[in-house]
Amino acid sequence: MRIDSAAPSTIRGAGLLVGLQGLAGVAFAVALLVRAFGGASSAGNNVYGQAGYFVVLGGGVVAVGVALLLGKHWARSPAVVVELLLLGVAWYAGGPSGRPEIGVPVGVLSIVVLYLLFTVRSREWSLGLDERDADKS
């Protein structure tokens with residue numbers, strides 16, 4: 001499937017990775033719902049609320065990923081914020097929680113996405129500099 005987008009490949013690659021992160025959040029929400037249907041939700045432990053929270057967050061991240069794939073300039077900033085937040089999650093998972101098997105992959109993926117979002121070509125695209133150059137020729 002070919003996506004017709006003027007965005008550079010680094011932005012489209014970041015969009016793909018961000019979209020996958022969002023889908024992981026939605027999948028986590030589904031896992032929470034399965035757990036809740038199994039009887040894990042009780043007073044003071046509202047698993048349904050948690051699942052709803054992760055659906056909203058995951059859906060938003062999926063929307064940002066799709067927007068990057070489609071070349072929408074506005075989606076770069078929310079993607080950067082998501083990745084910076086995920087770096088904090090990765091640090092906490094790998095350090096104080098003692099779960100480096102979760103923290104390290106999340107941290108590496110976040111750094112890769114941030115790198116893709118901050119390459120020279122990606123910054124030129126986000127500032128619209130590449131469009132002005134195309135108009136001159």
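Structure: see above.
The rules behind the values
Residues numbered from 1 in each chain as written. Predicted model: local features only at pLDDT ≥ 70, side-chain atom pairs only at ≥ 80, totals over all residues. Heavy atoms only, no water. 1 Å grid on protein atoms, 1.4 Å probe; cavity = no way out; pocket = protein on both sides within 12 Å on 5 of 7 lines; lining within 4 Å. Points joined across faces, edges and corners; volume = space filled by probe spheres on them. Helix = DSSP H or I, 4+ residues; strand = E, 2+ residues; numbered from the N terminus. Core = buried A, V, L, I, M, F, W, Y, C linked by side-chain atoms within 4.5 Å. Buried < 20%, exposed > 50% of the residue type's maximum accessible area, 1.4 Å probe, protein only. Contact = heavy atoms within 4.5 Å. Salt bridge = Lys/Arg side-chain N within 4 Å of Asp/Glu carboxyl O. Phe/Tyr/Trp six-rings, centres within 6.5 Å; stacked < 30°, edge-to-face > 60°. Lys NZ or Arg CZ within 6 Å of the ring centre and 35° of its normal. Lys, Arg positive; Asp, Glu negative; His and termini not counted.

Remarks on the layout of surface pockets
Over the atoms a probe the size of a water molecule is rolled, and this reveals where empty space is left.
Line of reasoning, step 1. Estimates place the volume of the largest pocket at around 550 Å³.
Line of reasoning, step 2. Taken together, 16 residues make up the lining of the largest pocket; nearest its centre are Q21, G25, F54, L86 and V89.
Line of reasoning, step 3. With five residues, the single largest contributor to the lining of the largest pocket is helix α1 (residues 9-40).

A look at the nonpolar core
Most often, soluble globular proteins keep nonpolar side chains buried together rather than apart.
Line of reasoning, step 1. In this structure, I11, V18, V64, L68, A79 and L117 are the most contacted members of the largest nonpolar core, which totals 17 residues.
Line of reasoning, step 2. For this core, the secondary structure elements donating two or more residues are α1, α2 (47-69), α3 (76-94) and α4 (100-117).
Line of reasoning, step 3. The contacts of A79, once residues within four sequence positions are left out, are V18, V64, L68 and L117.

Considering the pattern of salt bridges
Between side chains of opposite charge, a pair can form as their charged atoms come close.
Line of reasoning, step 1. Applying the stated criterion across every chain, the model contains one salt bridge.
Line of reasoning, step 2. One salt bridge connects R99 with E101, and the closest N-O pair in it is separated by 2.5 Å.

Observations regarding the packing of aromatic side chains
Line of reasoning, step 1. Following the criterion strictly, the structure yields three aromatic pairs and no others.
Line of reasoning, step 2. Plain terms: the ring middles of F28 and F54 are 4.9 Å apart, the flat faces sit at 85° to each other, and that makes the pair edge-to-face. Linking F28 in helix α1 with F54 in helix α2, this pair joins segments that are 26 residues apart in sequence.
Line of reasoning, step 3. Here the aromatic rings of Y53 and F54 are separated by 5.5 Å at their centres, their planes lie at 80°, and the arrangement is edge-to-face.
Line of reasoning, step 4. Each member of the aromatic cluster is reached from another via a ring pair, and the members are F28, Y53 and F54.
Line of reasoning, step 5. It is R76 that lies over the ring of F118; its NZ or CZ is 4.7 Å from the centre.

Digging into the side chain of E83
Line of reasoning, step 1. Residue position: E83 is located in helix α3.
Line of reasoning, step 2. No salt bridge forms around the buried E83; measuring N to O, its nearest opposite-charge neighbour R76 is 12 Å away.
Line of reasoning, step 3. Setting aside anything within four residues of it in sequence, one finds E83 in contact with V18, Q21, L109, S110, V113 and L114.

So yeah, pure geometry; function would need other evidence.
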